[in-house]
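# Chain and residue survey
The lines below spell out each chain.
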Amino acid sequence: MTRDTGLADTVVLDLLGLHGSLGSPVIESMNFLNEVSSRFPDAVSFAAGRPYEGFFDIEEVHRYLRVYRDHLMERLGDEVLVRRTMLQYGRTKGVIHDLVARNLLLDEGIDVDPESIVVTVGCQEALYLTVRALRRDGRDALLSVFPCYVGVAGAAALADMPLLPVVGSPEGIDLDDLVAAVHRARADGMRPRALYVVADFANPSGVSLGRATRERLLALAGELDLLILEDNPYGLFHGEEERAPTLKALDPGGRVVYLGSFAKTGIPGARVGYVVADQRAGNGLLADQLAKIKSMLTVNTSPIAQAVIGGKLLANGCSLRAANARETRVYQGNLRHMLDGLRERFPPESRVSWNTPEGGFFVVLDVPFPADDELLEHSAREHRVLWTPMHHFYGDGLPRPQIRLSFSHLTPDEITIGLDRLARFVARRCEAP
Ligand SMILES: Cc1ncc(COP(=O)(O)O)c(C=O)c1O
């Protein structure tokens with residue numbers, strides 16, 4: 001069907017004739033959250049969960065490329081091969097898999113065969129590949145701790161896979177609810193294939209699973225015959241306290257598919273992530289099956305982007321823990337500043353409360369009114385402060401009396417200004433009839 005616009009005939013497509021996910025609020029969320037900050041550039045944004053930009057340095061990108069090139073030259077001993085590796089189409093599973101494996105061993109105590117790693121275009125592609133592979137037919141479902149990262153809800157929607165909620169708790173996950181959700185799904189004729197969980201400083205809740213909960217979850221996954229998709233972009237950003245090992249490091253039986261991202265620990269614009277899929281599938285590994293899907297989706301992860309991240313890994317002895325010491329100090333300082341600032345501005349009688357994560361990028365605030373996108377726009381326009389309504393992490397559009405505050409990309413002064421504005425907004429809102 002065409003319509004005369006005065007300039008040219010334009011084809012008009014009925015949204016109902018396109019993929020079902022395109023009408024879903026889940027898919028709208030990512031764009032909405034990215035776009036709202038750009039519409040109010042003078043607002044302080046507690047909405048965007050972006051890494052801190054203060055240490056971005058383009059010269060470092062050049063240095064990392066050189067470090068990686070020299071490393072390849074040493075390994076391959078032939079300039080033609082070096083140029084081909086960095087500039088030509090390449091191996092579908094990626095070219096820095098050996099460096100990623102070393103990084104996992106050093107920083108997380110995860111010991112895996114480099115062949116089980118697929119280097120992806122961000123963690124988001126890793127999520128999609130995994131969910132796509134696990135969906136055989138309409139009975140397959142994915143479980144996720146709720147509220148959940150919008151990217152997993154989006155990946156499930158794109159793969160036509162129902163996302164079944166498991167109740168989150170102050171311990172990270174309500175394990176009784178996990179058992180009930182699996183039994184309920186099976187009674188309804190569904191096949192729950194895997195549970196998605198961010199065990200360290202989750203997005204949006206900021207909550208982490210303690211070691212005992214991790215061990216119990218792994219045991220339950222075995223009893224329930226579930227895979228676990230462990231997504232860990234924030235694990236390195238913690239304080240002095242000891243962190244529990246990742247689920248993957250504690251996993252004796254290959255239940256855990258591990259999803260990694262260099263967006264927070266490497267360079268976000270490089271768009272490099274990975275999946276460790278060391279489960280056996282067919283004659284090879286699950287990673288080989290994921291690579292087949294990748295070969296028809298993005299073909300390769302840009303070898304130039306991999307070279308930059310590979311160079312950063314090599315320049316830091318393959319450990320990103322020490323390489324992120326400055327960033328960790330910023331995030332920890334911002335977290336303390338945020339929690340102190342909330343305490344100063346919201347006494348108990350304000351009916352505002354919040355959780356107190358020990359790391360990561362996010363804090364969740366309970367407020368005495370439902371918070372929706374309209375209220376966010378009002379807050380941005382009238383008070384010049386942005387935050388994220390929590391309904392985005394439930395995917396149902398139902399306003400809840402909760403907001404997510406991100407502090408990762410701000411300076412302490414900006415946090416102070418933002419919290420002053422937030423306190424005024426909340427006070428006005430509480431006065432409103
Ligand atoms: C839990 C979680 N997983 C994955 C990602 C995205 O990773 P990437 O940028 O590597 O696609 C994010 C980014 O915000 C996230 O919060």
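Structural data are supplied above this passage.
An account of the accompanying structure is given in this report. (Residues numbered from 1 in each chain as written. Predicted model: local features only at pLDDT ≥ 70, side-chain atom pairs only at ≥ 80, totals over all residues. Heavy atoms only, no water.)

## Let's talk about unusual backbone geometry
- That bond from Phe146 to Pro147 is cis: its omega, -5°, falls within 30 degrees of zero.
- Omega for the bond connecting Asn203 with Pro204 falls within 30 degrees of zero, at 15°, which places this linkage in the cis form.
- Within the secondary structure layout, Pro204 lies in the loop between strand E7 (191-197) and helix H8 (211-224).
- Phi is positive for Asp160, close to 55°, though the residue is something other than glycine.
- For Asp160, the position within the fold is in the loop between helix H6 (150-158) and strand E6 (163-167).
- Even without a glycine there, the phi angle at Asp225 is positive, about 55°.
- Inspection of the secondary structure assignment puts Asp225 in the loop between H8 and strand E8 (227-231). (Helix = DSSP H or I, 4+ residues; strand = E, 2+ residues; numbered from the N terminus.)

## A look at the environment of Gly360
- Here Gly360 shows up in the loop between strand E13 (353-354) and strand E14 (362-371).
- Residues within four places of Gly360 in sequence aside, it is in contact with Phe201, Tyr234, Phe237, Tyr331 and Phe407. (Contact = heavy atoms within 4.5 Å.)

## Here we look at the packing of helix H2 (residues 58-76) against helix H11 (residues 303-315)
- Remark: H2 packs on H11, axes separated minimally by 7 Å, with the N-to-C direction vectors making an angle of 85°. One finds that H2 runs roughly perpendicular with respect to H11. Packed against H2, whose contacting residues are Val61, Arg63, Tyr64, Leu65, Val67, Tyr68 and His71, the element H11 presents Ile304, Ala307, Val308, Gly310, Gly311, Lys312, Leu314 and Ala315 at the interface.
- A per-class count over the contact of H2 with H11 returns ten nonpolar, three polar and two charged. (Axes fitted to C-alpha atoms, helices over the stretch in contact; angles between N-to-C directions. Parallel < 35°, antiparallel > 145°, perpendicular 65-115°, else oblique. Nonpolar A, V, L, I, M, F, W, Y, C, P; charged D, E, K, R; others polar.)

## A short note on the site of the ligand
- Residues in contact with the ligand amount to 14 residues; listed here are only the nearest, Cys123, Asp231, Tyr234, Ser261 and Arg271.
- Between an oxygen atom of the ligand and a side-chain N or O atom of Ser261, the distance comes to 2.7 Å.
- Contact with the protein chains covers 91% of the free accessible surface of the ligand, which is 400 Å².
- Taking a 2 Å distance to the grid points as the criterion, the majority of the atoms of the ligand fall inside the largest pocket.
- Counting residues per element, the shell around the ligand draws most heavily on helix H5 (residues 122-134), at three residues.
- Of the residues belonging to the shell around the ligand, the class tally is seven nonpolar, four polar and three charged. (Near = heavy atom within 4 Å. Polar contact = N/O pair within 3.5 Å; in protein donor to acceptor, adjacent residues only side chain to side chain. Areas by Shrake-Rupley, 256 points an atom, 1.4 Å probe, with all protein chains shown as cover. 1 Å grid on protein atoms, 1.4 Å probe; cavity = no way out; pocket = protein on both sides within 12 Å on 5 of 7 lines; lining within 4 Å. Sits in = over half its atoms within 2 Å of the grid points.)

## Some points on a nonpolar patch on the surface
- A grouping of Val11, Leu13, Leu15, Leu18 and Leu22 is seen on the molecular surface, where their side chains present a nonpolar patch of about 470 Å² in accessible area.
- The topology assignment puts Leu13 in the loop between strand E2 (9-11) and helix H1 (25-39). (Patch = residues over 30% accessible without salt bridge, like charges linked within 9 Å, V, L, I, M, F, W, Y side chains within 5 Å. Salt bridge = Lys/Arg side-chain N within 4 Å of Asp/Glu carboxyl O.)

## Re the sheet that holds E14
- Spatially, four strands are ordered E13-E14-E17-E16 in an open sheet, and the strand pairing comes out antiparallel. Of all strands in the sheet, those bounded by a partner on one side alone are E13 and strand E16 (388-389).
- Note that E14 and strand E17 (residues 400-406) share six bridges and pair antiparallel. Of the residues in E17, the one forming a bridge with Phe362 is Ser406.
- Contacting E13, E14 and E17, helix H13 (residues 325-345) crosses the sheet at an angle of about 30° to E14. (Pairing = 2+ DSSP bridges.)

## Section: the packing of aromatic side chains
- Under the defined criterion, the tally for this structure stands at 13 aromatic pairs.
- Relative to Tyr331, the ring of Phe237 has its centre 4.9 Å away and its plane inclined at 80°; by these criteria the two rings are edge-to-face. Within this pair, whereas Phe237 is found in the loop between E8 and helix H9 (247-250), its partner Tyr331 is found in helix H13, the two being separated by 94 residues in sequence.
- What makes Tyr331 buried here is its relative accessible area of 2%.
- On the numbers, 5.8 Å between centres and 35° between planes, the contact of Phe237 with Phe361 is tilted. Taken as a pair, Phe237 in the loop between E8 and H9 and Phe361 in the loop between E13 and E14 lie far apart in primary sequence, 124 residues in all.
- The cationic tip of Arg400 hangs over the ring face of Tyr394; the distance from NZ or CZ to the ring centre is 3.7 Å. (Phe/Tyr/Trp six-rings, centres within 6.5 Å; stacked < 30°, edge-to-face > 60°. Buried < 20%, exposed > 50% of the residue type's maximum accessible area, 1.4 Å probe, protein only. Lys NZ or Arg CZ within 6 Å of the ring centre and 35° of its normal.)

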